[in-house]
Amino acid sequence: MRVCRTITEARAELAPLRSGTIGLVPTMGALHEGHLSLLRAARAENETVVMSLFVNPAQFGEEIDLAGYPRDDGHDFALAEEVGVDLVFAPTAEEMYPRGFQTWVDVTELGSILEGRFRPGHFRGVATIVLKLFTVTRPDRAYFGQKDAQQAQVIRQLIRDLALEIELRVLPTVRDSDGLALSSRNALLAPDERERALALPRALATRDAEAARAELAASNGLIVDYVEVADFDPPVLAGAVRVGSTRLIDNVPLEGDSP
Ligand code: AMP
């Protein structure tokens, strides 16, 4: 497995591999089974698997959230190697946002509802970095998690609007045995916070916005940002809560049988 820190290096490594398909799995690291499910799918479906590892400053609102984001590159590289990743693209912030950077991709409507309302600029950061990762690695397929349903929908729109020749693959949310959706941010929860966080999947499992709001209102010490049905593909009941200083999002698809 190769680790590339620069765009030039990554392009040079990928150039001879373009006769076969390339699958890209964008991540911010602190890998867990959710990430690994995307990597395994990419491994099964492509000749070459690229994982990007980049904690994108442009999609974080607060400096403190960015600084506190869990990082463990060494462990991530070992896990990536284990599941058969061919190339890790792990650039610095300066590499992705060189001095004078001023070109942004804004998925205007989709990017301003739900998460976008509570995290202004978040999806602009996401869409911009994902398009840049696409232009650097030029994948045939790109893998995202249903866990971040709105992000997947934003990328779907980006691909359609800009006529990108990339197949979007969205894979089901991986959960712990207690129902909590795996998230790198779960590592930031104290044991009692984690216990309280379980109210979110419990509420969403009702598949009914009113019932979910009632369930959350009855649970201790959670601040609810929103619980809403979103007309995505597939439609979802999505929610965001804050538990202490950690913000968690989750959703359940309202059609089909994916979890
Ligand atoms: P992140 O590192 O949090 O940016 O996530 C990288 C990718 O993994 C995104 O496409 C996420 O939607 C996906 N992902 C994160 N958590 C899960 C999960 N529990 N199940 C499935 N995919 C996930």
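All figures in this text were calculated on a predicted structure; none of them were measured in a lab.

Enquirer: Mind laying out the overall build of the protein, listing which residues take part and the relevant values?
Expert: Helices and strands together make up the secondary structure of the protein, namely 11 helices and 9 strands. In terms of its C-alpha atoms, the protein occupies a principal-axis envelope of roughly 55 × 40 × 35 Å. Counting across all 259 residues of the protein, residues that qualify as buried make up 53%. Summarising the internal contacts of the protein: among those between residues at least 6 apart in sequence, 69% fall at separations of at least 24. When the accessible surface of the protein is totalled, it reaches about 12,000 Å², and 49% of it is carbon and sulfur. On the protein, the mean spot of the 27 positive side-chain charges and the mean spot of the 39 negative ones are 3 Å from each other.

Enquirer: Can you explain the site of the ligand? Please cite residues and give values.
Expert: Contacts to the ligand come from 17 residues, most closely from Met-28, His-35, Asp-148, Val-174 and Leu-182. At 2.9 Å, a backbone N or O of Met-28 approaches an oxygen atom of the ligand. The protein chains hide 93% of the 480 Å² of surface that the ligand would expose on its own. Listed by contribution, the elements that provide at least two residues to the shell around the ligand are strand 2 (22-27), helix 2 (33-45) and strand 5 (141-145).

Enquirer: Now, about the pairing of strand 7 (residues 222-230): what can you tell me, with residues and values included?
Expert: Sheet topology places strand 7 next to strand 8 (residues 236-243); 8 bridges connect them, and they run antiparallel. The residue bridging Ile-223 from the neighbouring strand is Arg-242, located in strand 8. Counted between consecutive antiparallel strands, the loop separating strand 7 from strand 8 contains 5 residues.

Enquirer: Which residues make up the sheet that holds strand 1 (residues 2-4), and what values do they have?
Expert: Strand pairing in a sheet takes place through backbone hydrogen bonds and is either antiparallel or parallel in direction. Strand order in this open sheet of 6 strands is 1-4-3-2-5-6, and the pairing throughout is parallel. In the strand order of this sheet, the two ends are held by strand 1 and strand 6 (167-171), each with one partner. On average, each strand axis in the sheet is inclined to that of its neighbour by 25°, with strand direction left out of account. Relative to strand 1, helix 1 (residues 7-14) is tilted by about 145°, and along the sheet it contacts strand 1, strand 2, strand 3 (48-53) and strand 4 (87-89).

Enquirer: How would you summarise the confidence of the model for the protein if you had to cite specific residues and measurements?
Expert: Here the protein averages 96 in pLDDT, and 99% of its residues register 70 or above. Element-level mean pLDDT values for the protein span from 85 in helix 3 (residues 63-67) up to 99 in strand 5.

Enquirer: Can you break down the sheet that holds strand 9 (residues 246-253) residue by residue, with the values?
Expert: Taken in spatial order, the 3 strands make up an open sheet running 7-8-9, and their pairing is antiparallel. Looking at the sheet topology across the chains shown, the edges are occupied by strand 7 and strand 9. On average, each strand axis in the sheet is tilted by 15° relative to the strand beside it, whichever way the strands run. Relative to strand 9, strand 8 is paired through 8 bridges, and the arrangement is antiparallel. Paired with Ala-238 across the two strands is Asn-251, which belongs to strand 9. Across the face of the sheet, helix 11 (residues 209-217) comes into contact with strand 7 and strand 8 while running at roughly 175° to strand 7.

Enquirer: Describe in detail unusual backbone geometry, supporting the description with residues and values.
Expert: Here the residue pair Asp-233 and Pro-234 is connected by a cis peptide bond, since its omega of 0° sits within 30 degrees of zero. Its place among the elements puts Pro-234 in the loop between strand 7 and strand 8. In this model, Ala-163 sits at a positive phi of 50°, which is unusual for a non-glycine residue. With respect to the secondary-structure elements, Ala-163 resides in the loop between helix 8 (149-161) and strand 6. The exposure class assigned to Ala-163 is exposed, which follows from its relative accessible area of 64%.

Enquirer: Explain the packing of helix 7 (residues 122-137) against helix 8 to me, and be specific about the residues and the numbers.
Expert: At their nearest, the axes of helix 7 and helix 8 sit 10 Å apart, and the two run at 55° to each other. Judged by the angle between their axes, helix 7 and helix 8 are oblique. Of the two elements, helix 7 crosses helix 8, and the hand of that crossing is right-handed. Contacts between helix 7 and helix 8 involve Phe-123, Val-126, Ala-127, Val-130, Leu-131 and Phe-134 from the first element and Gln-150, Gln-151, Val-154, Ile-155, Leu-158 and Ile-159 from the second. Counted by class, the contact of helix 7 with helix 8 contains 10 nonpolar, 2 polar and no charged residues.

Criteria and cut-off values
- Residues numbered from 1 in each chain as written.
- Predicted model: local features only at pLDDT ≥ 70, side-chain atom pairs only at ≥ 80, totals over all residues.
- Heavy atoms only, no water.
- Helix = DSSP H or I, 4+ residues; strand = E, 2+ residues; numbered from the N terminus.
- Buried < 20%, exposed > 50% of the residue type's maximum accessible area, 1.4 Å probe, protein only.
- Contact = heavy atoms within 4.5 Å.
- Areas by Shrake-Rupley, 256 points an atom, 1.4 Å probe, with all protein chains shown as cover.
- Lys, Arg positive; Asp, Glu negative; His and termini not counted.
- Charge placed at Lys NZ, Arg CZ, Asp CG, Glu CD.
- Near = heavy atom within 4 Å.
- Polar contact = N/O pair within 3.5 Å; in protein donor to acceptor, adjacent residues only side chain to side chain.
- Pairing = 2+ DSSP bridges.
- Axes fitted to C-alpha atoms, helices over the stretch in contact; angles between N-to-C directions.
- pLDDT = per-residue confidence, 0-100.
- Parallel < 35°, antiparallel > 145°, perpendicular 65-115°, else oblique.
- Left-handed = near helix turned anticlockwise from the far one by under 90°.
- Nonpolar A, V, L, I, M, F, W, Y, C, P; charged D, E, K, R; others polar.

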